[in-house]
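Each chain is listed here by its residues.
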Amino acid sequence: MRNIIILTCLLLSLSLASNAQAQCLFGSIVEASREAEEKRLRAAPKLAETLIPKAKEQSNLGAFLIDQLTVQSEQETKKSTARKIRNETKKIQKDLNKLDKGISEWEMEDYDEKLDKTSEKFEKHLKKYSSIIDPEINRIAAAKRAEQERIAAAKRAEQERIAAAKRAEQEKQDAYRAMCEGAVSDDPFAVFDSPSEEDRLLLTLDLRGKWGNRIKLQANENGCMWMQDPKDSSILPELIDASLFSQNPNNKTQYVYNGVENMALILDFTKYQCLSQSKDGARQKISCYNSSEEKVVAASSSQPENNSNSSSSSSSSSSSSSSSSSSDQLSGKTALGLAEIMPWVEACAESFMLPQKEAKWFDKFMTGEIKRLISANEITSSEINSKLNTAQQQVDMMKPLSYSAKETCDVFKLSVVKLRQIAEKPKDRF
């Protein structure tokens, strides 16, 4: 229709005006038509959101209408009436084909076909035969309502299932907490009625985790596990969520802890054997030991000058002498820390990035201190060997050391030199 109007206007312009005027008028008409088409194409994507579903409904109803009219034509005894129905059916089929073609193109974001106009035209067929398609419309509406009710019921059932699962999980957590720490209570004094901690097994792992350089765990044979602050033993241990660990049913002192990112920890709380297992299944030994064996080293300033009024001058003198002679000796905790750098010092010396003389002195000094501390029961041989083995494994993976490790070796060299200066400093005569 648009093309006919444009052609008519063009013929009128040619008959009423000069060639120049006709060309100008024709150009204006073409430009206006082009702008209108561009505007339609810009609006098409937004229109498609509602037009395509509507057109599909019309297509379904159109197919239903054609089937019904075909049946009518076959049942009609009067030939002229039957022929009329068949002709009408052909028209509807033709328009239905055009409608389906427009739907397909618009679904592929091809908006050249004016689907809105095609839809408006096809709607006239549906209105004309509303008496035939109204029952089908009602049936479709009822089916939609039934489906919506089914979906709503399924959603309610899923919500109820999730709520029930949450309640069950909360009840399970409450039962777990009650078993491990007593019944949950708002009474601030209920903490004093908590179950005894004497049955708890203590384990410290040398692993960088959310609590710092070490992870301190507690567990018992009843399937309870706690996390302890490694820096402050006065803070009460925090009960670990039961979903973060599992207990060996055949050995109640063995656990798998999954609270560390990207790995699982396989733990034996009585033999103090610990492994880490990565996601790909690779396992590696981890240094771990009995937390109760850790020594708390008191500062010298905290020692009272006189322990009692009955202490003799000779015992005071002996105590002072002992304190003076042990001032350059290592504590168990310091020795465990320095043991971790022994393999590194040796490797740096082998790579000529640390003097052999300093490395030999450090090895001799540490060997003597470690033997003394083990004899004094301040550390255990298993603790020190665990530290040394872990550090040695790390060093072996990097051997031979390249020049890029020189900066690290310089740090170890400085540490050894300062330690030697402290250990060999002249002692006061009086």
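See the structure printed just above.
For the structure given in this document, a descriptive report is provided here.

Cut-offs applied
Residues numbered from 1 in each chain as written. Predicted model: local features only at pLDDT ≥ 70, side-chain atom pairs only at ≥ 80, totals over all residues. Heavy atoms only, no water. Disulfide = S-S within 2.5 Å. Helix = DSSP H or I, 4+ residues; strand = E, 2+ residues; numbered from the N terminus. Buried < 20%, exposed > 50% of the residue type's maximum accessible area, 1.4 Å probe, protein only. Axes fitted to C-alpha atoms, helices over the stretch in contact; angles between N-to-C directions. Parallel < 35°, antiparallel > 145°, perpendicular 65-115°, else oblique. Contact = heavy atoms within 4.5 Å. Nonpolar A, V, L, I, M, F, W, Y, C, P; charged D, E, K, R; others polar. Core = buried A, V, L, I, M, F, W, Y, C linked by side-chain atoms within 4.5 Å. Pairing = 2+ DSSP bridges. Salt bridge = Lys/Arg side-chain N within 4 Å of Asp/Glu carboxyl O. Polar contact = N/O pair within 3.5 Å; in protein donor to acceptor, adjacent residues only side chain to side chain. Expected span 1.5 Å × (residues − 1). Arc of directions from axis to C-beta. Phe/Tyr/Trp six-rings, centres within 6.5 Å; stacked < 30°, edge-to-face > 60°.

**Considerations on the state of the cysteines**
Line of reasoning, step 1. For the structure shown, the criterion picks out 3 disulfides.
Line of reasoning, step 2. Disulfide partner of Cys 180: Cys 224, at an S-S distance of 1.9 Å. Because the torsion about its S-S bond is -85°, the bridge between Cys 180 and Cys 224 counts as left-handed. With a gap of 44 residues between them, Cys 180 in helix α5 (residues 130-181) and Cys 224 in the loop between β2 (215-219) and β3 (225-228) connect regions that are remote in the sequence. There is no split in this pair, since Cys 180 and Cys 224 are both buried.
Line of reasoning, step 3. Here Cys 348 is linked by a disulfide to Cys 409, with a sulfur-sulfur distance of 2.1 Å. Judged by the sign of its S-S torsion, about -80°, the bond between Cys 348 and Cys 409 is left-handed. With Cys 348 in helix α8 (residues 342-350) and Cys 409 in helix α11 (residues 406-423), this pair connects stretches of sequence that are 61 residues apart.
Line of reasoning, step 4. Residue Cys 348 is classed as buried on the basis of its relative accessible area of 0%.
Line of reasoning, step 5. Counting only the cysteines that form disulfides, in the order they appear in the protein chain, gives the pairing 1-2, 3-4, 5-6.

**Looking at the packing of helix α7 (residues 332-339) against helix α10 (residues 381-398)**
Line of reasoning, step 1. Closest axis-to-axis distance for the α7/α10 pair is 8 Å, and the angle between their directions is 25°. As judged from the angle between their axes, α7 and α10 are roughly parallel. Residues Ala 335, Leu 336 and Ala 339 of α7 form the contact with α10, whose participating residues are Glu 383, Ile 384, Lys 387 and Leu 388.
Line of reasoning, step 2. Of the residues that constitute the contact of α7 with α10, the class distribution is 5 nonpolar, no polar and 2 charged.

**Overview of the nonpolar core**
Line of reasoning, step 1. Val 345, Phe 362, Met 366 and Leu 401 are the most contacted members of the largest nonpolar core, which totals 31 residues.
Line of reasoning, step 2. Elements with a contribution of two residues or more to this core: α7, α8, α9 (356-375), α10 and α11.
Line of reasoning, step 3. With 7 residues, α9 is the single largest residue contributor to this core.
Line of reasoning, step 4. Leave out the neighbours within four places in its chain, and Leu 401 touches Trp 344, Ala 347, Cys 348, Ser 351, Met 353 and Cys 409.
Line of reasoning, step 5. Ala 219, Met 227, Tyr 257 and Leu 267 belong to the second-largest nonpolar core, a separate cluster that totals 24 residues.

**A few points about the sheet that holds strand β6 (residues 254-257)**
Line of reasoning, step 1. Spatially, 5 strands are ordered β5-β6-β7-β8-β9 in an open sheet, and the strand pairing comes out antiparallel. In this open sheet, the two strands that pair with only one neighbour each are β5 (245-247) and β9 (283-286). Strand-to-strand twist in this sheet, taken as the mean axis angle between neighbours without regard to direction, amounts to 20°.
Line of reasoning, step 2. In the sheet, strand β8 (residues 273-278) pairs with β9 via 4 bridges, with the strands oriented antiparallel. If you follow Gln 277 over to β9, its bridge partner there is Arg 283.

**Some words on the sheet that holds strand β10 (residues 288-289)**
Line of reasoning, step 1. Here 5 strands make up an open sheet; going across it, the order is β4-β3-β2-β1-β10 and the pairing antiparallel. Across the chains shown, the open sheet's two edge strands, defined by having one partner strand only, are β4 (238-239) and β10.
Line of reasoning, step 2. Taken together, the 2 bridges between β3 and β4 define a ladder with antiparallel strand orientation. Residue pairing for β4: Met 227 is matched across the bridge by Glu 238.

**Some thoughts on the pattern of salt bridges**
Line of reasoning, step 1. For the coordinates displayed, the defined rule picks out 18 salt bridges.
Line of reasoning, step 2. A salt bridge links Glu 38 to Arg 34; its shortest N-O distance comes to 2.4 Å. On the criterion of helical spacing, the pair formed by Glu 38 and Arg 34 is a turn pair, its members being 4 residues apart in helix α2 (residues 19-75).
Line of reasoning, step 3. Since its relative accessible area comes to 38%, Arg 34 is described here as partly exposed.
Line of reasoning, step 4. Across the salt bridge formed by Glu 88 and Lys 128, the nearest N and O atoms sit 3.3 Å from each other. Highlighted residues: Glu 88 in helix α3 (residues 79-107) and Lys 128 in helix α4 (residues 115-128), separated in sequence by 40 residues.
Line of reasoning, step 5. Under the relative-accessibility criterion, Glu 88 is labelled buried at 15%.

**Quick notes on the side chain of Ser 331**
Line of reasoning, step 1. By secondary structure assignment, the location of Ser 331 is in the loop between α6 (313-325) and α7.
Line of reasoning, step 2. Reaching out from Ser 331, the side chain makes a polar contact with the side chain of Thr 334 at a distance of 2.9 Å.

**Here's the deal with the side chain of Ser 119**
Line of reasoning, step 1. Inspection of the secondary structure puts Ser 119 in helix α4.
Line of reasoning, step 2. Other than its neighbours up to four places away in sequence, Ser 119 contacts Leu 51, Lys 54, Gln 58 and Leu 99.

**Structural notes on α11**
Since the α-helix packs 3.6 residues into each turn, any two residues three or four apart lie on the same face.
Line of reasoning, step 1. Spanning 18 residues, α11 covers 25 Å between terminal C-alpha atoms, matching the ideal 26 Å at 1.5 Å per step.
Line of reasoning, step 2. Residues of α11 that are buried include every one of Cys 409, Phe 412, Val 416, Leu 419, Arg 420 and Ala 423, and no others. Considered in projection along α11, the buried side chains sweep an arc of 100° and stay on one side of the axis. Pointing more than 90 degrees away from the buried face of α11 are the exposed residues Glu 407 and Gln 421.
Line of reasoning, step 3. The inward-facing, buried residues of α11 abut α7, α8 and α9.

**Side note on the packing of aromatic side chains**
Line of reasoning, step 1. Throughout the structure, instances matching the rule amount to 6 aromatic pairs.
Line of reasoning, step 2. A centroid spacing of 5.7 Å and a plane angle of 80° characterise the contact between Tyr 255 and Phe 269, whose relative ring orientation is edge-to-face. In this pair, Tyr 255 is assigned in strand β6 and Phe 269 in the loop between β7 (263-268) and β8, connecting sequence segments 14 residues apart. When sorted by exposure, Tyr 255 lands in the same class as Phe 269, which is buried.
Line of reasoning, step 3. Pairing Trp 344 with Phe 412 gives two aromatic rings, centres 6.2 Å apart and planes at 35°, and the pair type is tilted. Taken together, the residues span a long stretch of sequence, with Trp 344 in helix α8 and Phe 412 in helix α11 at a distance of 68 residues.

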